[in-house]
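# Structural description and commentary
One letter stands for each residue in the lines below.
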Amino acid sequence: MTETAHQVATAAGTMPSVADLERMYWVMVTTTLADSRAQQEAKAGKLQAAFYPVRGMEAVCAALGAVLEPRDRLVSTYRNLGDVVAKGVPLKSIVAELYGRVDGVSKGKGGPMHLQDDEVGMTATTGVVGSGLPIAAGLGIAAQLDGDGKVVAVTFGDGATSIGAYHEGMNMAALWQLPVLFICQNNRWAEHTPLADYTAAPEFAQRAASYGMTARKVDGFDPIASWRALSEAVQAIRSGGGPVFLEFETYRLTGHTGTADYSYVPKDELARAMTRDPAPNFRTWLIDQGLVAAERLDAIEQEAESAVAEAFAFGAARPQPDVDQLHEDVFADKKLVLDLL
Amino acid sequence: MTETAHQVATAAGTMPSVADLERMYWVMVTTTLADSRAQQEAKAGKLQAAFYPVRGMEAVCAALGAVLEPRDRLVSTYRNLGDVVAKGVPLKSIVAELYGRVDGVSKGKGGPMHLQDDEVGMTATTGVVGSGLPIAAGLGIAAQLDGDGKVVAVTFGDGATSIGAYHEGMNMAALWQLPVLFICQNNRWAEHTPLADYTAAPEFAQRAASYGMTARKVDGFDPIASWRALSEAVQAIRSGGGPVFLEFETYRLTGHTGTADYSYVPKDELARAMTRDPAPNFRTWLIDQGLVAAERLDAIEQEAESAVAEAFAFGAARPQPDVDQLHEDVFADKKLVLDLL
Amino acid sequence: MTTLQTATAVETEKMSAAVAMNSALDLAMAKDDKVVLLGEDIADPIGGVFKVTKGLSTKYGKGRVRATPIAEQSIVGAAVGLALGGYRPVAEIMFCDFLTLASDQLVNHAAKLRYMSGGQSSVPLTVRTVVGNSRFGAQHAQSLEAWFMHTPGIKVVMASTPTEAKGLLTSCVFDDDPCLFIEHIHLEYTNKEEVPTGEVTIPLGTAAIKRPGSDVTVITYGPAVPWSLQAAETLAEEGISVEVIDLRTLVPLDLETVLESVGRTRRAVVAHEATQFCGPGAELAARITEELFGELEAPVTRVGATYAPIPFAKSLRAIPDADDLVDAVRRITGQ
Amino acid sequence: MTTLQTATAVETEKMSAAVAMNSALDLAMAKDDKVVLLGEDIADPIGGVFKVTKGLSTKYGKGRVRATPIAEQSIVGAAVGLALGGYRPVAEIMFCDFLTLASDQLVNHAAKLRYMSGGQSSVPLTVRTVVGNSRFGAQHAQSLEAWFMHTPGIKVVMASTPTEAKGLLTSCVFDDDPCLFIEHIHLEYTNKEEVPTGEVTIPLGTAAIKRPGSDVTVITYGPAVPWSLQAAETLAEEGISVEVIDLRTLVPLDLETVLESVGRTRRAVVAHEATQFCGPGAELAARITEELFGELEAPVTRVGATYAPIPFAKSLRAIPDADDLVDAVRRITGQ
Ligand SMILES: Cc1ncc(C[n+]2csc(CCOP(=O)(O)OP(=O)(O)O)c2C)c(N)n1
Ligand SMILES: Cc1ncc(C[n+]2csc(CCOP(=O)(O)OP(=O)(O)O)c2C)c(N)n1
Ligand SMILES: [Mg+2]
Ligand SMILES: [Mg+2]
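About the thresholds
- Residues numbered from 1 in each chain as written.
- Chains lettered and ligands numbered in written order.
- Predicted model: local features only at pLDDT ≥ 70, side-chain atom pairs only at ≥ 80, totals over all residues.
- Heavy atoms only, no water.
- Least-squares fit on C-alpha atoms with pLDDT ≥ 70 in both.
- Contact = heavy atoms within 4.5 Å.
- Buried area = accessible area lost by both parts, 1.4 Å probe.
- Salt bridge = Lys/Arg side-chain N within 4 Å of Asp/Glu carboxyl O.
- Polar contact = N/O pair within 3.5 Å; in protein donor to acceptor, adjacent residues only side chain to side chain.
- Helix = DSSP H or I, 4+ residues; strand = E, 2+ residues; numbered from the N terminus.
- Pairing = 2+ DSSP bridges.
- Axes fitted to C-alpha atoms, helices over the stretch in contact; angles between N-to-C directions.
- Buried < 20%, exposed > 50% of the residue type's maximum accessible area, 1.4 Å probe, protein only.
- Arc of directions from axis to C-beta.
- Near = heavy atom within 4 Å.
- Areas by Shrake-Rupley, 256 points an atom, 1.4 Å probe, with all protein chains shown as cover.
- Parallel < 35°, antiparallel > 145°, perpendicular 65-115°, else oblique.
- Left-handed = near helix turned anticlockwise from the far one by under 90°.

### Regarding the relation of the copies chain D and chain C
The operation relating chain D to chain C is a screw motion whose rotation component is 180°, with 0.0 Å of axial translation and a residual RMSD of 0.0 Å. The two molecules are tied by a two-fold rotation axis, judged by turn and shift. Of the residues that chain D buries at the interface, 100% are likewise interface residues in chain C, meaning the two copies contact each other through the same surface.

### Some points on the interface of chain C and chain A
At the junction of the two partners, chain C supplies 44 residues and chain A supplies 44 residues. Taken as a group, Arg66, Tyr115 and Gln120 of chain C account for 20% of the area that chain C buries against chain A, more than any other trio of residues on that side. Along the contact surface separating chain C from chain A lie one salt bridge. Across the pair Lys34 of chain C and Asp146 of chain A runs a salt bridge, and its minimum N-O distance is 3.7 Å. Our enumeration of links across chain C and chain A arrives at 20 residue pairs in polar contact (both at pLDDT 80 or more). Breaking the side of chain C that touches chain A down by element, the ones donating at least two residues are strand S4 (65-67), helix H3 (72-84), helix H4 (99-110) and helix H5 (113-116) of chain C. A per-element tally of the side of chain C that touches chain A places H3 of chain C first, with ten residues.

### Concerning the sheet that holds strand S12 (residues 216-220) of chain D
Backbone hydrogen bonds hold the strands of a sheet together, and the pairing may be parallel or antiparallel. Residues and elements named next belong to chain D. Taken in spatial order, the five strands of this open sheet run S11-S13-S12-S15-S16, and their pairing is mixed. Strand pairing shows two members of the sheet lacking a second neighbour, strand S11 (208-211) and strand S16 (301-305), which therefore form its edges. Sheet twist, expressed as the mean angle between neighbouring strand axes with direction ignored, is 25°. Strand direction decides the pairing type here: S11 and strand S13 (residues 242-246), joined by three bridges, are antiparallel. Paired with Ala208 across the bridge in S13 is Asp246.

### Let's talk about the pattern of salt bridges
In total, this model carries 88 salt bridges over all chains according to the counting rule given. In this structure, Arg216 of chain B engages Glu232 of chain B in a salt bridge whose closest nitrogen and oxygen atoms are separated by 3.9 Å. Residue Arg216 of chain B is found in strand S7 (residues 214-219), and its partner Glu232 of chain B is found in helix H8 (residues 223-238); the two are separated by 16 residues along the sequence. A salt bridge links Glu183 of chain D to Arg128 of chain D; the nearest nitrogen and oxygen atoms lie 2.6 Å apart. Of this pair, Glu183 of chain D sits in strand S8 (residues 179-184) while Arg128 of chain D sits in strand S6 (residues 126-131); the two residues are 55 residues apart in sequence, bridging distant segments of the chain. Both residues of the pair, Glu183 of chain D and Arg128 of chain D, belong to the buried class. The structure contains a network of salt bridges with shared partners spanning Glu69, Arg71, Asp72 and Arg238 of chain A.

### Here's the deal with the interface of chain D and chain C
Listed as interface residues are 55 residues of chain D and, on the opposing side, 55 residues of chain C. Surface buried jointly by chain D and chain C totals about 4,800 Å² across both partners, of which 64% is contributed by carbon and sulfur atoms. When the area that chain D buries against chain C is broken down by residue, the three leading residues are Trp147, His150 and Phe277 of chain D, summing to 17%. Between Glu290 of chain D and Arg302 of chain C there is a salt bridge, with the nearest N and O atoms lying 2.9 Å from each other. For the interface between chain D and chain C, the tally reads 28 residue pairs in polar contact (both at pLDDT 80 or more). When residues of the side of chain D that touches chain C are traced back to their parent elements, those giving at least two are helix H4 (99-110), helix H5 (113-116), helix H6 (145-149), strand S14 (249-251), strand S15 (268-275) and helix H11 (280-292) of chain D. The leading source of residues in the side of chain D that touches chain C is H11 of chain D, at eight residues.

### Observations regarding helix H12 (residues 322-332) of chain D
Residues and elements named next belong to chain D. Taken together, the buried positions of H12 are occupied by Ala322, Leu325, Val326, Ala328, Val329 and Ile332. Projection of H12 onto a plane perpendicular to its axis shows the buried side chains occupying an angular sector of 165°, all on one side. Facing away from the buried surface of H12 by more than 90 degrees, the exposed residues are Asp323 and Arg331. Looking at the packing, one finds that the buried side of H12 touches S12, helix H9 (224-237), S13, S15 and S16. Residue Asp321 occupies the N-cap position of H12, its side-chain oxygen lying 3.0 Å from the main-chain nitrogen of Asp323. Note on H12: the residue one or two positions beyond its end, Gly334, has a positive phi of about 70°.

### Some points on the side chain of Asp329 of chain B
Along the chain, Asp329 of chain B falls in the loop between helix H11 (294-317) and helix H12 (334-340). A polar atom in the side chain of Asp329 of chain B sits 3.5 Å from the backbone nitrogen of Gly119 of chain D.

### What about the site of ligand 2?
The immediate surroundings of ligand 2 are formed by 22 residues, with Tyr78, Arg79, Gly127 and Gly159 of chain B together with Glu72 of chain C found nearest. Each of chains B and C places residues near ligand 2. Here an oxygen atom of ligand 2 sits 2.7 Å away from a polar atom, N or O, in the side chain of Arg79 of chain B. In the model, an oxygen atom of ligand 2 is placed 3.0 Å from a nitrogen or oxygen of the Asp158 of chain B side chain. Isolated, ligand 2 exposes 570 Å² of accessible area, and the fraction of that covered by the protein chains is 98%.

### Description of the environment of Ser214 of chain D
All names here are of chain D. Turning to its location among the elements, Ser214 is positioned in the loop between S11 and S12. Sequence-wise, Ser214 and Val242 are 28 residues apart; in three dimensions their C-alpha atoms are separated by 6.2 Å. Ser214 has contacts with Ser241, Arg264 and Thr265, leaving out every residue within four places of it along the chain.

### Comments concerning the packing of helix H6 (residues 164-175) of chain A against H3 of chain C
If you want to describe how two helices pack, look at the angle between their axes and the distance between the axes. Between H6 of chain A and H3 of chain C, the least distance of the axes is 8 Å, while the angle of their chain directions is 70°. What the angle tells us is that H6 of chain A and H3 of chain C run roughly perpendicular. Taken as a pair, H6 of chain A and H3 of chain C cross one another with a handedness that is right-handed. Here Gly164, Ala165, Glu168, Gly169 and Met172 of chain A of H6 of chain A lie close against H3 of chain C, whose contacting residues are Glu72, Gln73, Ser74, Ile75 and Ala78 of chain C.

What follows is the structure in structure tokens.
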């Protein structure tokens, strides 16, 4: 990670279309704003939910959203806000789910750790570290059997690389050359434990390559570098090249949860990471490069701001699910449950 | 694997003492004979137990027995006959346990999958693939805290490298530089599934190195090469160098269990492996090198033969445990169990 | 009550349970190309260590019949993914004891995804597994059905005959909820019977009265059914008329059949091979008592495995048998 | 019955359960250098996400207090190894739901090694874990004590007060068998009380009568104790005298205290937050009925979580509370 602020890839290479650049900026700004708002509500005790901020990961999420098609599937984690916004889940349905309200994507029954929206290929979100990888492998088998070039992406943190399910999912995907894109969001923390305290082998991409798949490390603060790595990977996977592992180097810009202490973070490390804050850097760069005008970016920001405000107003105001939902969707047939009571 | 029969390491290097060479030969012959006898009894329906032959692994087991001290600990698997003989568990107690008899190492309550003898550091034997690795890591923490240079060795198959516990144990050992020796017995089969069908990354030593530990591949048919690699590793570990992973290339010379079909094995592969059969090759080499005289080896063989015959006669003849053993050793205090009935 | 529904009840063949389940999977795969199998060693030539998938990889290809790495979490996890991707995976976990390795995927994902997604997800997977016995020792002998009964969102099925194994497995495969199908090593090959060669389905949640009787109801399932019937035979000779109910599915639970029977006999024993303490019999005993309190002549009695790991030595018998059941019935009938 | 044994019953301090358990671990580590801790995030500065290990890595060093990788199998597996190596490990599994990831090590190894080795091995490990609630959703809210009750060879403990948390945890740490110690997120910080600052031990297998009564016995444990006491208060106002028994340990089980009480009251309700179906209450109900059949005035009733994953929305209440218990007691007392 270099220390230049405002740094975004300048090296030559393919570039997203202007529409994609604008959408990426929209995703980044929306995510940043919604994230801050959710943290604020959580700290105020108004949002009674475990909320896991995504600050620092906005560039990767935005780039992922730009390279995936709606039919492509995404499996995410508890730290999912950027992923779900990028994949196109409507903001109101997201926020209503954070509040556990009837208009949430999952009718308020899943909550913030389990955001899911089949309509846009946001297939599953797990709260158990690493458990998404075998599920993604299974979706990869399904996609491979379907034979239509669908890609399955799965996001997870650096800490997830320690767990058994990670290993099993990686080996299975490599073995069968499944169309799975493994996205390691390396924010250098596993809850409150720094990377160096949980592994002697911090080069995740290198370790991933040893399973027999393509693997690369990417600057995850840089939306263009992220977009390039992701679109290359998706193309390779779509054309049958088997799984790809990308490690995105970022930093967790906030505490582990919306309410957690973060005083233990080394101040200089955090300050350095803050200079790479994805959305403001991207804005500057887009203007500097003459790709998107400041006015257009202002408009996107305003749109995002009001969308976030509206979504939170909506989410907090909607009712909670009716009690008859308690035994609905335990099984396909509700009657079976009633027999067991 | 070269195709020369009678091949044993000839390259210069340190050598076991004559006493160790003789003991290694004794372990190999005893294991081979006891293994064949157990298979025979199992096929005849007289030994009613799942027995997992070790034919092909004798050289590695013998070498391991020669380099470990009694205080060093060993964690093994269901395929444990060579390990337990090499670690010094009395043959009669082993065979009595195969038969589930009261004089078995575990009073007949564990059976062949769970041979254990605390007296000689044969600390645990698991029937769940890969589960020994985290246990070995824990024993490694204990040894590290004891600070007395004890080494913990754990044996497992090539197929075990696919499972989550393997991964977690490896990462933990590397992280804390635990005094653990990982011994991968690569016999190229995971039950009835060949290596190429369960991983795209068959270079286990290479993958192991990516956890941040020393790792090497060794010719496991060669007792001298195995002994050299193992003693080097044990020395390094004992002096605080952290964990070492050794992959021993062998071949499963029989079916998966004592009674399993093995018709599916590629005949040429098996024939080639058979030319490397550890005990007879070692015998020839010891004589050729003038290290141990043929007469001495004959005497060892005879001793082994009668010991095996005696052990099987003993094991089959001894009584099964008394019924009052049923609730003994569920908890330290038997009374607690009686309260739960 | 219908104990069996056959699409074409004509042709039959003598089959073991293993062969009958093989036939169930074969027919399911032929009928619906969304049915895929995965598990250790399930491909030919070996066709599964219990031979239940024999021939299927040859017939349907290694894309639909996948021999996996030794990795139970990813076997069940991949089945969850396949199910979310529109398939009907049938995963084999070699021994029930290894469900411990896959229980995160079964319990936290398969069983909860429909609920947590507000009904968006179906997870139509089947996990087949086998309960071993003491020939393998304590790590290959546990009956863990109680764990999954206690887990809302997953169905639990155990068959006791080849025909029912075929019919129940077929129902699991085509069920839209996750199903755990537990087989028993003793039932896999013994007890051959005439089984329809065509499709057989038995609705989940229907118990079967395997022997009518009037003095005591024995409620049982899976491997305990044969020895319960044997005990009933012995007791008949003593003049005690025992009704034997084979639950067949533990979730959903056909309590109606159970209560109807116990309402008549006014005495019940629950018999199973799982550990008795906090086991399936506890739920049945509690429930029967709640519903029929005033009508019972004796407390509902349980016959299950004793509180101990399963010992290897045969002289140590932790798992109950017909004699234990005979004793229990004699006790509650005051003989 | 002794509900509390204090080595030095003099000095006390106001403590939450989290602080009391911290004190228990601190004293245990000071007393016996074989006591070692491991688990995710347990080292300082954070000292565990529930702060139970706060300060201990600073005091005893990172050799004895190890923050681990996120790897539940190897956390418990390493604890098994440490125990076999002569130590008394205390492993923290952040949420009870993640026991699913470590259950092979707990069930197939920790619980069986003494038995399978014919008594050679002791496995004196303690696994501490926490039951969450719906603030985290369905994957962080399960009470899985029934799974481990059903597993021969492991003790299961749940405390309901700070002092008892300290005393029971200390007993677990120094017990020679594997112990599962389940905490509840609500009890961790609320309900402070005066707790002895010195060592406290409470023998495993001793229940405590938390409120004497004569009409109905409520048998409960862990997080259900406070709301059971609350229900008893409400019912007292209606003239129903409820005896509340806090089991404190589920294995071993103090059935004697339970039967003595129900023998007097002749009515019993079992209350817990685990799923009711095939849960701990089933065993208790079945057992009480077996022992006291002729003496019961009403069937033993159960109050447990309903059959559903734990929903996130608060309007959906899957876990019972005082009102449910009040209703149940009214029902069986015919009010
Ligand atoms: C199996 C499991 N263990 C523990 C936890 C508790 N936990 C939640 S998030 C987290 C840290 C994960 O770190 P990382 O994978 O780096 O992801 P990040 O949170 O940094 O995005 C932990 C340990 C969990 N959810 N699942
Ligand atoms: C977790 C688990 N899954 C499946 C099995 C069944 N099983 C016993 S041995 C074996 C093959 C293991 O292969 P490998 O690790 O190469 O060891 P080998 O038997 O060849 O020595 C399998 C799958 C098991 N014992 N444990
Ligand atoms: Mg992280
Ligand atoms: Mg092998």
